[in-house]
Amino acid sequence: MADRRFSTTIEDLVQRSADPTAVRLALDALDDRWRELIEAEEMVARGLIALAAASRSITRFLLADPSAALQVLGALDRRPELDPDSSEDDGAIAALVHWRGLEFLRITARDLLGIDPLEVVGDRLAALGRDVLGRAVTLAARRHADPPTLAVIGMGKLGGEELNYSSDIDVMFVGEGDPRDLERMARHVLEIAGRCFRVDANLRPEGRNGPLVRSIPSYEAYWDRWALPWEFQALLKARPAAGDPALATQWWESAQRTLWSRPFDADALRSIRQMKERAEAEVARKDLSARQLKLGPGGIRDIEFTVQLLQLVHGHLDPEVRSANTLTTLGILDSAGYIDGGDATAMVDAYRLLRTVEHRLQLVDEQQVHTLPTDDGEIDRLARVMGLTDAAAGTAGEQLQRQLTHNRAIVRSIHERVYFRPLLEAFASSTAEPTTPDEAGLTTEAISARLTAFGFTDALRTRAAVRDLTRGLSRSSRLMQQMLPLLLTWLSASPDPDLGLLIVRNLLSGPTRMRQLVEVFRDSPAAAQGLCRVAGTSRLLGEILMRNPDLIARLPHAEQLITRQRDDLLARAAAVLDLRHAPEDQQAALQRWKQRNLLGIAARDLFGIADVRTVGVDLTALAEACVHGALLVAEPRIPVAVFALGRFGGSEMAYASDLDVMFVHRGDRADDIDEARRVAESVMRFIRGSTPAIRIYEIDADLRPEGRNGVLSRTVAGHRSYWADHALTWERQAMSRARFVAGDPELGAEMQQALDEFVWGSGLTEDERREIRRMKARIETERIPVGEDPDFHLKLGRGSLSDIEFTAQMLQLEHSVRSASTLGGLTELASIGALESTDAAILAEAFEFCERVRNRWYLVNSAPGDALPSQPEQMLWLARALDTSSTELRSEYRRVTRRARAVVDRVFYGRPGRS
């Protein structure tokens, strides 16, 4: 057997490679005839060893055609030549595939040997992609007797000239001619180019559902009417790639006019930020945040996204920042003052590291890999391919992981503050208005553009607030100067950043308050982020926090915001009252206690921790505790029970709900009646308060027998007598929601039995059904207040809350389904077959949607409101608070209520087929 050993020089190179075993296997697989070349040409040897250590897929390609591959390694400064055109289609495509492999090998070898930096590697890969597409267009045209005019637009990393080793090639097609011919030719291009790269045309208008090729007017019409913000973001990377150059240039000029003709507004910016947040949340859900180089916190996407957002904000004013390349644009943003110089340098360094690691991961098998391996051996091999070796500081793998962790932490920190740090420096530099970048880094116009894009509509007011918050030389002021860019970033993600900044400014007024809260923010950035979300959503909640600043520290802790169990709430309400003696002090204390608990409910709602059902139950439990406390203060001398009705009785309260109550007492003597009246009036007065400032809840007892004309409290026998002789159908319907909430338990149980006999004993007659329907029809036509939009009414509109409540209550009375809640009633009706399960689901969906929107509108408006707002600005705030757009919110309202109304028409009104 021939001696297969190489020279000492080669053997030393093998031993010092990232994977000696893989390299030796590759060398052993080569025929002896290549030994002299490898021994004679050091660059060939080094290239071969680097490739074999780094990439299994390239090694396989090299071993399949060592003659051509080693020839390329011997002349890394020259691109391999593409074989002359074959007359045969298959031969020409095979030649293209082989040429692509050789050029890919050359680019990779130059990269691994340290000849080319990252940006040159990305540019060379993109050029290879464009050449393949160009050749694919030429070959596709051969298949057409009269080929149409077609151009290929490069998108994503292809357009940005920063392609990965395993990137998809993102493209769009523009053409002139017969649509069928254009479609066929574009598909031929995809087929041919797809032999060399994964080619993706799904960034085109309407994605995979849209036509593959469009004319320029068709693109322009789509951009003008239908394009979403992320599609304009994608146009940042669009560049002509192949095909007819004149047509490609014309398309690109049209795209540039579309992209830069108007500012990128706050809602568009918010939309793409939310898309990024959702992608990050998905990575976190899969427990990949620490290993995902691209989408995880501090990863590649943080840097690219930062650059693209600043381009979208400033590009309509400054053509210099419109480059498609990330590293080029970072340099421009730095030199123009749009980003802090130190931040720019740190992001460039981190980007080079992260993209290089990503490249090395993808080289192994040319797969789209963005996640670090879990195996320590694989991490160590990756680090060695990166050029690291074991040292006193740790193994190669440990060193790499420390580098990545450090760089990603820096990137994340910069990403969170980068948008506002230059603004603060501009604000602090001078009281004058800068007009050129040289004066303060950003012009007045650039400052205004950035603030407006991030939702701050008044630059002067924002400047004043920033100066107030950072004034002084105290430790707290210095800490606030460091934290404020992050606070402004978080505020910009809230529905109303201007409101949020005002509330934060007021909260931090005064040195003592500033010091206390800055320390909270320092210890818990999540508390500061929660405050920004709450303050930028609701003036009402902001005012509660201003009166109770200690609650800010609890915002990141869901367990500290949770509503306690009923018995615990009752005990705590009683304890609050026991500490005071004067009625007005007790009233003020209970109101403050209620507001503190309300803050917890609302915060969990805003943070997405509590769904609409949980919010309703929690609000109800809080109201019960307050009524219990008010009854304790009244100190009844006879047995008294309080029953909840309506939403209160159904445990489905909204933030704006009044307390509908009914009183019952024991004792027929005149003194008993007087005492019952006194207790009822005391409870009502205590809860309602003498002025809005001290009101705990709106409360009324108008659903009692005889309404406002009747006595406030009756005995059980008195209620039975009234129901037997005088009650109307609507009163029976109202009593279906009655539930004992406070007072004497034995009396409550006795009254509940009487209620059950009255409400659930006899089903419904046809006359009673007609009466319920007439009442509902009358409500639809008479009760919508002036100024509220009947087409988008959440409570009284067609298919909205009252429709669903009436339907559930009528069916419950008819089938004796004893549930005080609407949603519970729907579930039980479906379980016994009284309502189709699909119908129940449709009604429940509409109920929860309308209730959630109504609740959120109360928080945003800090006042009750039962319809979607008609004012555009108010609608915008509401939509943002629900993480949607005004258009999408109205569309969803129409969808759920139309479906619900179809069920109501059929089930409640008995109108088959009507919608």
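Look up: the structure comes first, before these words.
Residues numbered from 1 in each chain as written. Predicted model: local features only at pLDDT ≥ 70, side-chain atom pairs only at ≥ 80, totals over all residues. Heavy atoms only, no water.

Enquirer: Could you give an account of the overall build of the chain, with specific residues and numbers?
Expert: In terms of helices and strands, the chain carries 43 helices and ten strands. When its C-alpha atoms are laid out on the principal axes, the chain stretches across 120 × 70 × 65 Å. Residues counted as buried form 54% of the 915 residues belonging to the chain. In the chain, once contacts between residues fewer than 6 apart in sequence are set aside, the share between residues at least 24 apart is 72%. In the structure as shown, the chain presents an accessible area of about 39,200 Å², 49% of it carried by carbon and sulfur atoms. If the 116 positive side-chain charges of the chain are averaged to one point and the 134 negative ones to another, these points end up 2 Å apart. (Helix = DSSP H or I, 4+ residues; strand = E, 2+ residues; numbered from the N terminus. Buried < 20%, exposed > 50% of the residue type's maximum accessible area, 1.4 Å probe, protein only. Contact = heavy atoms within 4.5 Å. Areas by Shrake-Rupley, 256 points an atom, 1.4 Å probe, with all protein chains shown as cover. Lys, Arg positive; Asp, Glu negative; His and termini not counted. Charge placed at Lys NZ, Arg CZ, Asp CG, Glu CD.)

Enquirer: Any details on the packing of helix 25 (residues 497-507) against helix 28 (residues 539-547)? Residues and values, ideally.
Expert: Following both chains from N to C, one finds helix 25 and helix 28 inclined at 10 degrees, their axes separated by 10 Å at the closest point. Relative to helix 28, the element helix 25 is oriented roughly parallel. Across the interface between the two elements, Leu 499, Leu 502, Ile 503, Asn 506 and Leu 507 of helix 25 pack against Arg 539, Gly 542, Leu 545 and Met 546 of helix 28. (Axes fitted to C-alpha atoms, helices over the stretch in contact; angles between N-to-C directions. Parallel < 35°, antiparallel > 145°, perpendicular 65-115°, else oblique.)

Enquirer: Report on the pattern of salt bridges, specifying residues and quantitative values.
Expert: If you walk through the whole model with that rule in mind, you get 82 salt bridges. Residue Arg 106 is joined to Glu 103 by a salt bridge in which the shortest nitrogen-to-oxygen separation is 2.8 Å. Separated by three residues within a single helix, Arg 106 and Glu 103 lie in helix 7 (residues 89-112), roughly one turn from each other. Judged by its relative accessible area of 1%, Arg 106 is buried. Residue Arg 301 pairs with Glu 304 through a salt bridge whose shortest N-O separation is 3.9 Å. Of the two residues, Arg 301 and Glu 304 are both situated in helix 15 (residues 300-314); the distance of three residues between them amounts to about one turn of the helix. (Salt bridge = Lys/Arg side-chain N within 4 Å of Asp/Glu carboxyl O.)

Enquirer: Please provide a residue-by-residue account of helix 4 (residues 42-54), values included.
Expert: Between its first and last C-alpha, helix 4 extends 18 Å over 13 residues, near the 18 Å set by a 1.5 Å rise per residue. Most of helix 4 is tucked away: ten of the 13 residues are buried. Of all the positions in helix 4, only Val 44, Ala 45, Gly 47, Leu 48, Ile 49, Ala 50, Leu 51, Ala 52, Ala 53 and Ala 54 are classed as buried. (Expected span 1.5 Å × (residues − 1).)

Enquirer: Let's hear about the packing of helix 38 (residues 766-782) against helix 39 (residues 801-815): which residues, and what values?
Expert: With their axes 11 Å apart at the nearest point, helix 38 and helix 39 run at an angle of 170 degrees to one another. By the angle between their directions, the pair helix 38 and helix 39 is classed as roughly antiparallel. In contact with Arg 769, Ile 772, Arg 773, Met 775, Lys 776, Ile 779 and Glu 780 of helix 38, helix 39 contributes Ser 802, Asp 803, Phe 806, Met 810, Leu 813 and Glu 814. Taken together, the residues of the contact of helix 38 with helix 39 sort by class into six nonpolar, one polar and six charged. (Nonpolar A, V, L, I, M, F, W, Y, C, P; charged D, E, K, R; others polar.)

Enquirer: Help me get a handle on empty space enclosed by the protein, residues and values and all.
Expert: Counting across every chain of the model gives four cavities of 30 Å³ or more. What lines the largest cavity is Met 155, Met 172, Leu 203, Arg 204, Pro 205, Tyr 219, Trp 223, Glu 231, Ala 234 and Leu 235. For the lining of the largest cavity, the secondary structure elements donating two or more residues are helix 11 (216-225) and helix 12 (229-235). Among the elements that line the lining of the largest cavity, the one with the most residues is helix 12, at three residues. Across the lining of the largest cavity, the residue classes break down as eight nonpolar, no polar and two charged. What the second largest cavity holds in volume is close to 50 Å³. When contributions to the lining of the second largest cavity are tallied by element, the ones reaching two or more residues are helix 8 (118-142) and helix 17 (341-363). Here the lining of the second largest cavity gets three residues from one element, more than from any other, and that element is helix 8. (1 Å grid on protein atoms, 1.4 Å probe; cavity = no way out; pocket = protein on both sides within 12 Å on 5 of 7 lines; lining within 4 Å. Points joined across faces, edges and corners; volume = space filled by probe spheres on them.)

Enquirer: Tell me about helix 30 (residues 566-578), and name the residues and values.
Expert: Residues that lie three or four places apart on an α-helix share one face, since the helix turns once every 3.6 residues. Its 13 residues give helix 30 an end-to-end C-alpha distance of 18 Å, which sits within 8% of 18 Å, the value for a rise of 1.5 Å per residue. Of all the residues in helix 30, the buried ones are Leu 569, Leu 570, Ala 573, Ala 574, Val 576 and Leu 577. The buried side chains of helix 30 occupy one side of the element, clustering within an arc of 155 degrees when seen end-on. In helix 30, the exposed positions that point more than 90 degrees away from the buried face belong to Asp 567 and Asp 578. (Arc of directions from axis to C-beta.)

Enquirer: Report on the nonpolar core, specifying residues and quantitative values.
Expert: Membership of the largest hydrophobic core comes to 162 residues, with the highest contact counts inside it found for Leu 235, Trp 251, Phe 521 and Leu 659. The element contributing the most residues to this core is helix 32 (residues 612-634), with eleven residues. Apart from the residues lying within four places of it in its own chain, the contact partners of Trp 251 are Ile 153, Met 172, Val 174, Ile 216, Tyr 219, Trp 223, Leu 235 and Ala 238. By size, the runner-up hydrophobic cluster in this structure holds 72 residues, among which are Leu 112, Leu 182, Ala 193 and Phe 197. (Core = buried A, V, L, I, M, F, W, Y, C linked by side-chain atoms within 4.5 Å.)

Enquirer: Account for unusual backbone geometry, with residues named and values stated.
Expert: A positive phi is found at Glu 206, a non-glycine position, where the angle reads about 70 degrees. Here Glu 206 lies in the loop between strand 3 (199-200) and strand 4 (213-214). One non-glycine residue with positive phi stands out, namely Asp 883, at about 55 degrees. With respect to the helices and strands, Asp 883 occurs in the loop between helix 42 (872-881) and helix 43 (886-907). With a relative accessible area of 44%, Asp 883 lands in the partly exposed category.

Enquirer: Account for the packing of aromatic side chains, naming residues and giving values.
Expert: On inspection of all chains with the given rule, the structure shows 13 aromatic pairs. With a centroid separation of 5.8 Å and an interplanar angle of 85 degrees, the aromatic rings of Phe 420 and Phe 456 are classed as edge-to-face. Placement of Phe 420 in the loop between helix 19 (396-417) and helix 20 (421-429) and of Phe 456 in the loop between helix 22 (444-453) and helix 23 (459-470) is noted, with a sequence separation of 36 residues between them. Overall, the relative accessible area of 1% leaves Phe 456 in the buried class. Ring centres of Phe 908 and Tyr 909 lie 4.8 Å apart, and the angle between their planes is 85 degrees; on these two criteria the pair is classed as edge-to-face. For the pair shown, Phe 908 and Tyr 909 are each scored as buried. A connected cluster of aromatic rings, assembled from ring pairs, spans Tyr 419, Phe 420, Phe 454 and Phe 456. Above the ring of Phe 197, the side-chain terminus of Arg 100 is found at 4.8 Å from the ring centroid. Above the ring of Tyr 909, the side-chain terminus of Arg 911 is found at 4.1 Å from the ring centroid. (Phe/Tyr/Trp six-rings, centres within 6.5 Å; stacked < 30°, edge-to-face > 60°. Lys NZ or Arg CZ within 6 Å of the ring centre and 35° of its normal.)

Enquirer: Before we move on, can you summarise the pairing of strand 7 (residues 659-665) with the specific residues and values?
Expert: Extensive coverage of strand 7 is indicated by the burial of seven of its seven residues. A two-sided burial pattern is seen for strand 7, the buried positions comprising Leu 659, Val 661, Phe 663 and His 665 on one face and Asp 660, Met 662 and Val 664 on the other. Note: strand 6 (residues 640-645) against strand 7, six bridges, orientation antiparallel. Bridge pairing links Phe 643 to Met 662 in strand 7. (Pairing = 2+ DSSP bridges.)

Enquirer: I'd like a description of the environment of Arg 257, backed by residues and values.
Expert: Within the secondary structure, Arg 257 sits in helix 13 (residues 245-260). Placed 37 residues apart in sequence, Arg 257 and Glu 220 show a C-alpha to C-alpha distance of 9.9 Å.

Enquirer: Explain a negative patch on the surface to me, and be specific about the residues and the numbers.
Expert: Negative charge collects at one region of the surface, where Asp 375, Asp 376, Glu 378 and Glu 398 lie side by side. Positionally, Glu 398 belongs in helix 19. (Patch = residues over 30% accessible without salt bridge, like charges linked within 9 Å, V, L, I, M, F, W, Y side chains within 5 Å.)

Enquirer: How would you sum up the environment of Leu 811? Please name residues and give values.
Expert: Here Leu 811 is to be found in helix 39. Taking the C-alpha atoms as reference points, Leu 811 and Val 907, separated by 96 residues in sequence, lie 8.8 Å from one another. Dropping the residues within four chain positions of it, Leu 811 is found in contact with Leu 829, Leu 835 and Val 907.

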